[in-house]
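If you want the building blocks of each chain, they are given just below.
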Amino acid sequence: MAPSPTRHLLQPAAVIRDATVNDLDALVRLEERCFDSDRLSRRSFRYMILRSHARLIVDEADGMLRGYALVLFLRGTSLARLYSIATDPDHRGKGIGQTLLMAAEDAAREHGAVSMRLEIRSDNHVAERLYRAAGYRQFGTYADYYEDHADALRMAKSLISHLKPPVMRVPYYEQTLDFTCGPAALIMAMQALDQTLAADRKLEIRLWRESTTIFMTSGLGGCGPYGLALAAYHRGFGVEIFVNDTGALFVDSVRGEDKKEVLRLAQEDFLDQIHKLPIPLHHTPLSVDEMQQHFDAGGIPIVLISSYRMYRQKFPHWVVITGFDERFVYLHDPYVDSLKGKVRLDSINTPILRREFDRMARYGKTSQRATLIVSRRHSGNQVPA
């Protein structure tokens, strides 16, 4: 069901409301008057109006659109992104932008978002003053972000005034290949525990080579918990494995008995190595509360999730947890879905409702669950010479 229109009275003849397909011509004209580049197309406006994970809000006075604000909601998360906001040049200085921003924040709260993020041109000082006055704070910069190579400022605001997530300082690393989410998540966890560890593609690929299951749903194989655990252990970290399946993981994700057999053999080899080392292996899944207990004790959870709830694609995916509070799990997602307009800031300390994360943290028809707890190595468990 489509959300009910948001309406804020500006003056007797002016309202803030949700856009409809009847506004498309006016929106395109407004876009052309407001921007010289990086414009939204008519097709994009139509898609945003009709899709369920966006709100396109317009200011209308006497039958004329004077501005709009476009808010995107990141599927499976509690984040909102202010993608674009525009005010007709003939109507600037009337507080329309500020009112649209307030309406966008209201729409985000109605959707259950706890924070809003955005990017603006580094030379757009008028917009920067607007956002800073509204409580947004800069937390990064994107170089060469726009079509004309201008930089972008990255800004964010908590939509719940008391929300101060207790996140751990985990450096972010974006996976560079479709099948290296596991190595990227492991890099982030290891860097959080050892700031001297250098992260680069060479390490990412080396970790994948050490951890791969050989085959996956398509193409090259992803990484399972056993290979990743061994890679962490051999680099001097403590690691515990929690899985709910005693058999080979991901077998149902490949076709052909020959591939299934190779996958089983690869994981058996990993298990043979694990059994010879002080790596605890538990055949029981961790609840969100138990993950938090390990986190509070200094461990970094790396969790296998199903990507379907976030990306509507069925493939196993690894994320690293960066914090917890009473309502949310916070995580770094190594995947940045740029084809759908996602940027890195959307993948950093992403809040997920605890009950939603519990549903997300399983994969496949058999609900396979896997969590690694990476920690600093105790002195009694050093790597054998």
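Report on the accompanying structure.

## Things to note about the side chain of T212
Within the secondary structure layout, T212 lies in the loop between α6 (201-211) and α7 (225-233). Discounting chain neighbours no more than four positions away, the residues touching T212 are G221, G222, C223 and F270.

## As for the state of the cysteines
Here is the idea: a disulfide is a covalent bond, and it sits between the sulfur atoms of two cysteines. Under the definition given, this model contains 0 disulfides. Summary of cysteine pairing: C181 is not part of a disulfide, and the nearest cysteine sulfur, belonging to C223, is at 7.4 Å.

## Looking at the packing of helix α5 (residues 181-193) against α7
The contact between α5 and α7 brings their axes to 11 Å, and the two run at 35 degrees. Our pair here, α5 against α7, has a crossing hand that is right-handed. Of α7, the residues touching α5 (which contributes G182, P183, L186 and M190) are L228, A231 and A232. Residue classes in the contact of α5 with α7 are distributed as 6 nonpolar, 1 polar and no charged.

## Digging into the environment of A297
For A297, the location among the structural elements is in the loop between α9 (288-296) and β11 (300-306). A residue is classified by how much of its surface remains accessible, and A297, at 69% relative accessible area, is exposed. The spacing of A297 and S375 is 78 residues in sequence and 9.2 Å in space, taken between C-alpha atoms.

## Focus on unusual backbone geometry
At D38, a residue that is not glycine, the phi angle is positive and equals roughly 55 degrees. Among the secondary structure elements, D38 is positioned in the loop between α1 (24-34) and α2 (42-50). The phi angle at D62 is positive, at roughly 50 degrees, despite the residue not being glycine. Its location among the elements puts D62 in the loop between β3 (54-61) and β4 (64-73). Note on D62: relative accessible area 69%, which makes it exposed.

## A word on the layout of surface pockets
Each pocket or cavity is described by its volume, and for the largest pocket that value is around 1200 Å³. Lining the largest pocket are 40 residues, with F35, S84, I85, N124 and A127 positioned closest to its centre. For the lining of the largest pocket, the elements supplying multiple residues, two or more each, are α1, β5 (79-87), α3 (96-110), β6 (115-121) and α4 (125-133). Of all the elements, β5 adds the most residues to the lining of the largest pocket, at 7 residues. Residue composition of the lining of the largest pocket, grouped by class: 18 nonpolar, 11 polar and 11 charged.

## Topic: the packing of α5 against α6
Here α5 crosses α6 at 115 degrees, and the two axes come no closer than 9 Å. Along this stretch, α5 crosses α6, giving a crossing that reads as right-handed. Residue-level inspection shows P183, L186, I187 and M190 of α5 in contact with α6, the latter providing L203, E204, L207 and W208.

## A few points about the pairing of β11
Of all the 7 residues making up β11, 7 are buried; the element is thus mostly covered by neighbouring parts of the structure. By the alternation rule, side chains of β11 split into I300, I302, L304 and S306 and P301, V303 and I305, which are all buried. Where β11 meets strand β15 (residues 370-376), 4 bridges bridge the pair, whose relative direction is antiparallel. By the bridge assignment, I302 is partnered in β15 with L372.

## As for the nonpolar core
Here is a general trend for soluble globular proteins: nonpolar side chains tend to be buried in one another's company. By size, the foremost hydrophobic cluster in this structure holds 47 residues, and its most contacted members are L186, I241, I279, I302 and W318. Those elements that place two or more of their residues in this core are α5, α6, α7, β9 (237-243), α8 (257-275), β11, β12 (316-324) and β15. Here this core gets 10 residues from one element, more than from any other, and that element is α5. Excluding residues that lie within four positions of it along the chain, L186 makes contacts with L207, L228, A231, A232, I302 and V374. By size, the runner-up hydrophobic cluster in this structure holds 25 residues, among which are A80, I96, I120 and L159.

Cut-offs and rules
- Residues numbered from 1 in each chain as written.
- Predicted model: local features only at pLDDT ≥ 70, side-chain atom pairs only at ≥ 80, totals over all residues.
- Heavy atoms only, no water.
- Helix = DSSP H or I, 4+ residues; strand = E, 2+ residues; numbered from the N terminus.
- Contact = heavy atoms within 4.5 Å.
- Disulfide = S-S within 2.5 Å.
- Axes fitted to C-alpha atoms, helices over the stretch in contact; angles between N-to-C directions.
- Left-handed = near helix turned anticlockwise from the far one by under 90°.
- Nonpolar A, V, L, I, M, F, W, Y, C, P; charged D, E, K, R; others polar.
- Buried < 20%, exposed > 50% of the residue type's maximum accessible area, 1.4 Å probe, protein only.
- 1 Å grid on protein atoms, 1.4 Å probe; cavity = no way out; pocket = protein on both sides within 12 Å on 5 of 7 lines; lining within 4 Å.
- Points joined across faces, edges and corners; volume = space filled by probe spheres on them.
- Pairing = 2+ DSSP bridges.
- Core = buried A, V, L, I, M, F, W, Y, C linked by side-chain atoms within 4.5 Å.

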